[in-house]
Amino acid sequence: MEGVLVTGEARAALEGECVRCLEPIDDEIDVRFQELFLYDDQVTPGEEPEDDGVSMLEDDLLDLEPLLRDAVVLALPFQPLCEEDCPGLCVECGARLKDDPDHTHEAAIDPRWAGLTALKHDED
Ligand SMILES: [Zn+2]
Ligand SMILES: [Zn+2]
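Cut-offs applied
- Residues numbered from 1 in each chain as written.
- Chains lettered and ligands numbered in written order.
- Predicted model: local features only at pLDDT ≥ 70, side-chain atom pairs only at ≥ 80, totals over all residues.
- Heavy atoms only, no water.
- Helix = DSSP H or I, 4+ residues; strand = E, 2+ residues; numbered from the N terminus.
- Buried < 20%, exposed > 50% of the residue type's maximum accessible area, 1.4 Å probe, protein only.
- Contact = heavy atoms within 4.5 Å.
- Areas by Shrake-Rupley, 256 points an atom, 1.4 Å probe, with all protein chains shown as cover.
- Donors = N, O, S within 2.8 Å, 3.2 Å for Na, K, Ca; no water.
- Tetrahedral: all angles 85-135°; square planar, octahedral: opposite > 155°, others 65-115°.
- Arc of directions from axis to C-beta.

**Digging into the overall build of the protein**
Within the protein one finds 2 helices and 3 strands. Secondary structure of the protein in N-to-C order comes out as β-β-β-α-α. By residue count, 19% of the 124 residues in the protein fall in the buried class. A separation of at least 24 residues holds for 52% of the contacts in the protein among residues at least 6 apart in sequence. Here the protein has roughly 10,100 Å² of accessible surface; of this, 50% comes from carbon and sulfur atoms.

**A look at the coordination of the zinc ion (ligand 2)**
For the zinc ion (ligand 2), every protein donor is listed as Cys 90 (SG), Cys 93 (SG), His 103 (NE2) and His 105 (NE2), and the spread of their distances is 1.9 to 2.2 Å. Because the angles between the 4 donor atoms bound to the zinc ion (ligand 2) fall within 105 to 115°, the donor set is best described as tetrahedral. All donors of the zinc ion (ligand 2) come from a single chain, and their spacing in sequence reads C-x2-C-x9-H-x1-H. On the criterion of sequence distance, the pair formed by Cys 93 in the loop between α1 (65-75) and α2 (114-123) and His 103 in the loop between α1 and α2 is long-range, its members being 10 residues apart.

**Let's talk about α1**
When α1 is considered as a whole, its buried residues turn out to be Leu 67, Ala 71 and Val 72. Here the buried residues of α1 occupy an arc of 120° about the axis, which is enough to place them on one side. Facing away from the buried side of α1 by over 90 degrees, the exposed positions are Glu 65, Val 73 and Leu 74. Looking at the buried residues of α1, the elements they touch are β2 (24-38).

Okay, structure coming up:
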């Protein structure tokens, strides 16, 4: 009666990077949306709702862009991952742990003893 109810589905390509290992992510996202667009003759001239969240038809046309943008942005993962259990990067060397899960480093020298390595070098 007072407008046109729009229901739809959209698919968009996602590009980003994993928050843990920075691998590029290529994915797709599917969103559904629904919105009531009011006829613009429902509004008394001079009392047009500006930005109060009401969608209006404009001369029998409707602008889907804000609707699509909101639907997609809300559906985006907050922390995108290349895969569910991405192990991230090695804190020592920055290697991607998924490519090289078994790599190890020699035990780091306890900073309290670090001065001793300098002494040893002097001896040489
Ligand atoms: Zn990752
Ligand atoms: Zn490492």
